[in-house]
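Next come the chains, spelled out residue by residue.
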Amino acid sequence: MSTTERAPQSERNQASHGERVADWMDGRLAIYKWGKLSRKVFPEHWSFMFGEIALYSLIILLLTGVWLTLFFKPGMSEVVYHGPYVPLQGARMSEAYESTVKISFEVRGGLFIRQLHHWAALTMVAALSLHTLRHFFTGSFRKPREMNWLIGFLTLVLAIIEGFVGYSLPDDLLSGTGLRILEGVTLAIPLVGTYLTMFIFGGEYPAEDVISRFYSIHILLVPGILVALATVHLILVFYHKHTQFRGPGRTENNVIGQPLMPNYAAKAGGFFFVVFGILSLMAGIAQINPIWNFGPYRPDQISQGSQPDWYMGFLEGALRAMPAWEFTVGGYTVNLGVIIPAVLLPTVMALSLALWPFLEAWVTGDKREHHLLDRPRERPARTSFGVAFCALYLVLFFGGANDVLAEKFHLSVNSITWVVRIGVFVIPALAYVITYRICLGLQLRDRDKLLHGRETGIIKRLPHGEFIEVHERLERGTEYMLLSRESAEALPAPVREQDGVRNPEFRKQALRFKLNRWLNGGQVATPTPQELQHALEHHGHSSDGHAAIGHQSGPAEEREPVQELH
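Just so it is clear, the model here is predicted, and its values are computed rather than measured. (Residues numbered from 1 in each chain as written. Predicted model: local features only at pLDDT ≥ 70, side-chain atom pairs only at ≥ 80, totals over all residues. Heavy atoms only, no water.)

K.L.:
Which residues make up the side chain of His233, and what values go with them?
P.N.:
Tracing the backbone shows His233 in helix H10 (residues 210-240). When sequence neighbours within four positions are dropped, the list of residues in contact with His233 reads His131, Asn148, Ile151 and Gly152. (Helix = DSSP H or I, 4+ residues; strand = E, 2+ residues; numbered from the N terminus. Contact = heavy atoms within 4.5 Å.)

Below you can see the structure in the form of structure tokens.
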């Protein structure tokens with residue numbers, strides 16, 4: 001056939017091989033409908049990266065964890081070490097400890113993978129903690145994201161449990177000390193403590209089944225739940241759309257940012273390798289968990305300066321600070337010195353965070369959907385409570401290192417313990433008051449900027465000799481952000497009786513009224529349009545800007561290029 005002849009119609013209409021493969025995939029996976037998903041919009045803000053760091057750390061944990069399972073032996077049978085590490089030669093140890101030492105010194109790249117796994121675990125818990133605090137301080141847990149808040153909080157709790165279980169697997173002296181504390185805490189639980197201890201350890205401590213049981217939990221149960229929770233969490237993020245901070249063009253009905261494909265995907269992929277690279281660098285140059293220095297676990301030994309991973313430090317501090325209180329009821333000893341710091345305190349702290357969205361919704365009576373985030377200064381009570389919560393954690397965290405602090409700073413352990421006991425009550429209260437005042441001060445500064453402009457540092461002399469500082473008007477986008485703040489609605493005061501009929505809900509309504517005044521109080525009023533116009537006229541601004549300041553819509557030229565409607 002010459003170059004001028006046309007191919008038959010049947011040949012010209014035949015799809016290419018790639019199209020046929022795509023059609024086959026679409027018939028089974030509906031890939032042609034993914035176009036809408038690829039246009040999912042993600043707003044940009046530095047605080048949104050905490051969740052990504054946690055997700056990427058989880059991926060690294062799964063990859064390194066699979067590799068480590070190929071060499072680790074979760075057994076507690078006693079063996080004698082004859083490996084290359086001379087200080088341990090001839091020492092009796094469990095199979096778990098021996099295999100961990102072998103991974104560190106005999107398997108090529110084993111120590112690097114072990115340390116990468118450990119650093120990724122610490123980073124994941126830290127990123128999840130910061131991610132949770134970001135959601136709390138900005139109010140992104142409000143309707144319709146209450147369930148996603150619970151899923152994220154449960155993910156954080158499971159990550160802490162997973163870290164503790166994995167930390168215990170090497171069966172070294174340090175991790176064995178943590179297991180001994182766990183056994184004591186479990187036994188102190190009234191009624192069910194002995195049964196729980198039997199389920200966890202499989203017998204009298206230290207038993208012979210705890211490592212194998214923890215191994216199954218560590219590599220199967222908890223990782224499977226974490227992956228499932230992360231998947232559901234991301235699905236709900238896609239379904240509810242992403243939250244965003246207020247700004248020009250940003251409303252409750254849209255999301256302004258970059259699309260998933262290709263912009264966000266390219267950034268996320270690059271950020272993953274940045275996280276991977278930093279963790280790899282840390283694993284290569286920063287030693288962590290050197291179990292060969294601790295030695296194998298023996299119930300009759302413990303070393304001074306033993307510290308758990310940072311996320312369990314608050315529990316250690318609470319146990320060290322609590323006095324040894326106990327009493328006997330019906331022949332059973334109730335050990336308050338363990339129940340209060342290790343059972344009641346963590347439970348109250350966890351429930352206060354987990355149930356906060358529902359408590360705030362009930363107190364405020366707010367049933368609207370919220371897709372715009374608060375600035376922490378705009379909700380002083382919530383922000384102050386969160387800072388006080390963090391202050392309590394830090395006091396307990398440093399209390400868990402009382403022996404290390406005493407050695408490094410030549411102090412008395414008893415003095416540090418008493419400082420922690422007092423600080424548990426005093427420091428969170430001081431943190432609350434100081435944070436509350438800072439939030440009010442920042443609100444007043446924002447109001448002053450709106451009314452008087454930004455200080456430029458330029459001094460001007462007036463004709464009559466007075467010196468004044470020149471103030472410059474804020475950018476329109478900043479003005480819009482400050483003026484679009486939501487004002488809290490106060491609940492009506494409860495009435496004890498009406499028309500001679502007593503109100504049966506008076507106590508409940510009175511409690512809700514007081515909580516509402518506490519939660520929504522401390523908000524500085526936003527300047528009215530009249531106040532803004534008077535301020536502009538007083539400072540000599542042009543008249544064309546008066547309406548723009550009082551108007552509640554951002555200029556079109558400052559909007560982001562991509563917008564997704566709810």
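Once the structure has been displayed, the description carries forward.
K.L.:
Please provide a residue-by-residue account of the packing of aromatic side chains, values included.
P.N.:
Taken as a whole and judged by the stated rule, the model has 26 aromatic pairs. Arranged with centres 6.1 Å apart and planes meeting at 35 degrees, the rings of Phe136 and Phe141 form a pair that is tilted. There is no split in this pair, since Phe136 and Phe141 are both buried. Residues Trp356 and Phe385 carry aromatic rings whose centres are separated by 4.8 Å and whose planes lie at 20 degrees to one another, so their mutual orientation is stacked. Residue Trp356 is found in helix H15 (residues 356-364), and its partner Phe385 is found in helix H16 (residues 380-399); the two are separated by 29 residues along the sequence. Put simply, the rings of Phe136, Phe137, Phe141, Trp149, Trp356, Phe385 and Trp518 touch in pairs and so form one group of aromatic residues. (Phe/Tyr/Trp six-rings, centres within 6.5 Å; stacked < 30°, edge-to-face > 60°. Buried < 20%, exposed > 50% of the residue type's maximum accessible area, 1.4 Å probe, protein only.)

K.L.:
With reference to specific residues and values, describe the pattern of salt bridges.
P.N.:
Enumeration over the complete set of coordinates arrives at 16 salt bridges. We note a salt bridge from Glu78 to Arg92, for which the minimum N-O separation is 3.3 Å. Taken together, the residues span a long stretch of sequence, with Glu78 in strand E2 (residues 78-80) and Arg92 in strand E3 (residues 92-94) at a distance of 14 residues. Side by side, Glu78 and Arg92 carry an identical accessibility label, which is exposed. For Glu316, the salt bridge goes to Arg320, with nearest N and O atoms at 2.8 Å. Of the two residues, Glu316 and Arg320 are both situated in helix H13 (residues 313-321); the distance of four residues between them amounts to about one turn of the helix. We classify Glu316 as buried; its relative accessible area is 13%. The network of salt bridges with shared partners includes Arg142, Glu360, Asp374, Arg379 and Arg382. (Salt bridge = Lys/Arg side-chain N within 4 Å of Asp/Glu carboxyl O.)

K.L.:
Talk me through helix H9 (residues 193-201); I want residue IDs and the actual numbers.
P.N.:
All of the buried residues along H9 are Gly193, Thr197 and Phe201. In an axial view of H9, the angular spread of the buried residues amounts to 45 degrees, which keeps them on one side of the axis. The outward face of H9, more than 90 degrees from its buried face, is lined by the exposed residues Tyr195 and Phe199. On its buried face, H9 is in contact with helix H8 (173-188) and H10. (Arc of directions from axis to C-beta.)

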